[in-house]
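Chain residues, written in single-letter form:
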Amino acid sequence: MKHLMIVETNITNPSWVEEYLVKVTPLLSKFGGKYITRTSNIELLEGDNKPQYTLVAEFSSKENALDFYQSSDYAPYKDSRKNGSSSNFLLLPIENATA
């Protein structure tokens, strides 16, 4: 079953961002992921905390998404991101919804 990875990020130190974007994009593809959107153009409709940036990536399976997130290839970039931002990483299945 396909899964979406949704990441909400607030950057506290931007020194990691450029390398992260260049290096993580091919890693995501390596694990069967593809970006649906990466943007700071966010409209908060409800709630109190609008993130600076949000991305949505689609993976062909939960296992592929977890393999990416837990990989040793991603680990140094994950550490850089964690040290320079606060983020929420969400993983959810794409399920058929019926009205």
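The coordinates are above.
Residues numbered from 1 in each chain as written. Predicted model: local features only at pLDDT ≥ 70, side-chain atom pairs only at ≥ 80, totals over all residues. Heavy atoms only, no water.

## Description of the side chain of Lys-78
How we decide: Helix and strand definitions here come from DSSP, where helices need a minimum of 4 consecutive H or I residues and strands a minimum of 2 consecutive E residues; each element is numbered from the N-terminal end. The buried label goes to any residue with under 20% of its type's maximum accessible area, the exposed label to any with over 50%, and the partly exposed label to all in between, with areas taken from a 1.4 Å probe on protein chains only. His is not counted, nor are the chain ends, whereas Lys and Arg count as positive and Asp and Glu as negative. For this analysis, a salt bridge means a side-chain nitrogen from Lys or Arg found within 4 Å of a carboxyl oxygen belonging to Asp or Glu. Pairs of N or O atoms within 3.5 Å make up the polar contacts considered here, provided that, within protein, one atom can donate a hydrogen while the other can accept it, and that residues adjacent in sequence are counted only when both atoms are side-chain atoms. The contact definition used throughout considers only heavy atoms, calling two residues in contact when any of these lie within 4.5 Å.
By secondary structure assignment, the location of Lys-78 is in helix H3 (residues 75–84). As a buried residue without a salt bridge, Lys-78 has its nearest oppositely charged side chain in Asp-79, at a separation of 6.5 Å. One polar contact links the side chain of Lys-78 to the main-chain carbonyl oxygen of Tyr-69, over a distance of 2.9 Å. The residues touching Lys-78, leaving out its near neighbours within four places in the chain, are Tyr-69 and Gln-70.

## Concerning the pairing of strand E1 (residues 3–11)
Threshold: Strands were regarded as paired on the criterion that DSSP finds at least two bridges between them.
Strand direction decides the pairing type here: E1 and strand E3 (residues 53–59), joined by seven bridges, are antiparallel. Paired with Val-7 across the strands is Leu-55, a residue of E3. Where E1 and strand E4 (residues 85–93) come together, nine bridges link them in antiparallel fashion. Bridging from a neighbouring strand, His-3 pairs with Pro-93 of E4.

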